[in-house]
Every structure is written in structure tokens, then in C-alpha cells.
Amino acid sequence: MLGHSHALSGLATGAATLPWVPVDGPVAQVAWVAAVGGFAMLPDLDQGGSTIARMWGPFTDVPAGVVGTAARGHRWGTHDAVLGPLVFGLLAYAASWAYWSSLLVLALAVGLTLRALHFVIPGRAENTVIGNLLLSWGAAWLLLEHSPSPLWLPLAVVLGTLTHIAGDFLTKEGVPVPLFWLVRRSRLAPIHLRTGTTLEKAVLAPLFLAAAVAFLYLNTGVSELLDPLLHQIDARG
């Protein structure tokens, strides 16, 4: 799937799971949804030199090369539905106990979301290394300063990673057979949807966006703010 499709599906998943996650208040809810949306891009940080890996210049490109080597190439280890969530989740768990490491992980999520959704954001600041660094770290700092310590970060990482893998499972390239690929390289690809087709761009991506908006409306305080206005408009009509 294209990057923005992964991000939109992650945002929809994050919004849909709000009633069952340990987040309280609008700031924490925004942080959770943004984190899951960003982490739905995380498995693709297995390819040095890729668009996502270049997000923060050498600060992401060098680690991406290391991740790709450890994962045995693109769309292997990080796309394993068992190993990917487990390893990324454990790393996030270790990071969640300290402020600066939590800030780093959350900034990575925001940066990935901005980079993936650049096509609907005015300007190009989020596409530049400096612009993305400033926006993502600034947003992560604001979220951490106005919400409790995000001990839910590992859960957001696991959920985002699984959302990404589920999306790639639908594509022609598929995903590795969990664990078994370590012995014999093999993939699961039952549907063979081509990446970047009209179906993905004109149907799936808008559906993910609509789902994200709908679940945000249903699962946050937005409905409490908008419902009275809608009732007034309806009464006047």
C-alpha cells in the first residue's frame, strides 16, 4: 500500500479503538490517534534511502539501514505479524519509562504521519528534514506537556504495526509467513491488490479517511460540541 493509505488506515484504527485504550481527555486522545497513524508507517523503516527513511536525514536513514539488515531486507522481518509487533513493542516499552525517549518515539510517530499525509497539507515544510523535525518534535512536546505520561506507547506501536501488516497483506507482494520465513522464505499474498491502483486511491484511501472522521466523531467530545449546533441548524431548516 502507499504511505498515505497506511497512515489513513492507522488513524482510522486509532480512532476506532479509543473506547478501549487507557487515554483520558482530548489531548491524550489526539496523541493516541496520531501515534497509531504514524506507527502504521513504522514497518517500512526497513529500507535505507527510502522516502520515509530520509525523513530526518541521517537520523532516520542510518537506523533504517540497520533495521533493514536485521530484518533481512524490505518486507521481511518488520512485516512479520509476530516478530514485527513484538520487537517494536518491546523497544517502545523500554522507551516509555523515560521522558526523552518517550518524546523521541512520539515525535517519530508524528513525523511519519506528517510525511505520509503531505499530499493534503499546504506547503512543503513537512517534506523537508528541518521542517519535519521542528513540527514533529514540537507537536510531541506539546502533547507530552499537556497529557499524562504515555505508558500506552507500546500498545500504539503494536497496533500501528499490525495495521500496516494487514494492509500489505492485501497487496500482490504480500507479507512473510510469520516465523516460518526465517527457515524458508515464503509469503502470504491471497488477494494480489496492486499498490497505487485506482482502487486504492479512489476507494480504499477515502474509506479509511471517512472511517477516521466517523470514529473521531463518535469516540471523542467532538459529537458533544457539534450535536447542539446540528440540532439548531435542523430546527431552523
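This text follows the structure it describes.
Predicted model, so just to flag it, every value in this text is computed and none were measured. (Residues numbered from 1 in each chain as written. Predicted model: local features only at pLDDT ≥ 70, side-chain atom pairs only at ≥ 80, totals over all residues. Heavy atoms only, no water.)

(A) Seen up close, the environment of Ala-189. Secondary-structure assignment places Ala-189 in the loop between strand E2 (187-188) and helix H8 (198-219). Residue Ala-189 is classed as partly exposed on the basis of its relative accessible area, which comes to 25%. It is 6.0 Å that separates the C-alpha atoms of Ala-189 and Phe-169, two residues lying 20 residues apart in sequence. Sequence-distant contacts of Ala-189, that is, excluding residues within four places in its chain, are made with Phe-169, Thr-171, Lys-172, Glu-173 and Gly-174. (Helix = DSSP H or I, 4+ residues; strand = E, 2+ residues; numbered from the N terminus. Buried < 20%, exposed > 50% of the residue type's maximum accessible area, 1.4 Å probe, protein only. Contact = heavy atoms within 4.5 Å.)

(B) Quick look at helix H3 (residues 58-70). The end-to-end C-alpha distance of H3 is 18 Å, a good match for the 18 Å that 13 residues give at a rise of 1.5 Å each. Burial in H3 covers these residues: Thr-60, Ala-64 and Gly-68. Seen along its axis, H3 keeps its buried residues to an arc of 70 degrees; they face one direction. Opposite the buried face of H3, at more than 90 degrees from it, the exposed residues are Pro-58, Phe-59, Val-62, Val-66, Thr-69 and Ala-70. Of the residues one or two after H3, Arg-72 is the one with positive phi, at around 65 degrees. (Expected span 1.5 Å × (residues − 1). Arc of directions from axis to C-beta.)

(C) Geometry of the environment of Ala-71. Positionally, Ala-71 belongs in the loop between H3 and helix H4 (83-95). Of the residues examined, Ala-71 reaches a relative accessible area of 5% and is grouped as buried. Remark: the alpha-carbon pair of Ala-71 and Gly-167, spanning 96 residues in sequence, is separated by 19 Å. Apart from residues lying up to four places away in sequence, Ala-71 is in contact with Trp-76, Gly-77, Thr-78 and Trp-181.

(D) Region of the structure containing the pattern of salt bridges. According to the stated counting rule, one finds 2 salt bridges in the structure shown. When the shortest N-O distance is used, the salt bridge between Asp-168 and Arg-75 registers 3.2 Å. Separated by 93 residues along the polypeptide, Asp-168 in helix H7 (residues 153-169) and Arg-75 in the loop between H3 and H4 bring together distant segments of the chain. Residue Asp-168 shares its accessibility class with Arg-75, and that shared class is buried. Here Arg-75 makes a salt bridge to Glu-173, at a shortest N to O gap of 3.9 Å. Of this pair, Arg-75 sits in the loop between H3 and H4 while Glu-173 is found in the loop between H7 and strand E1 (175-176), placing the two residues 98 residues apart along the sequence. Among the residues examined, Arg-75 registers a relative accessible area of 9% and is labelled buried. (Salt bridge = Lys/Arg side-chain N within 4 Å of Asp/Glu carboxyl O.)

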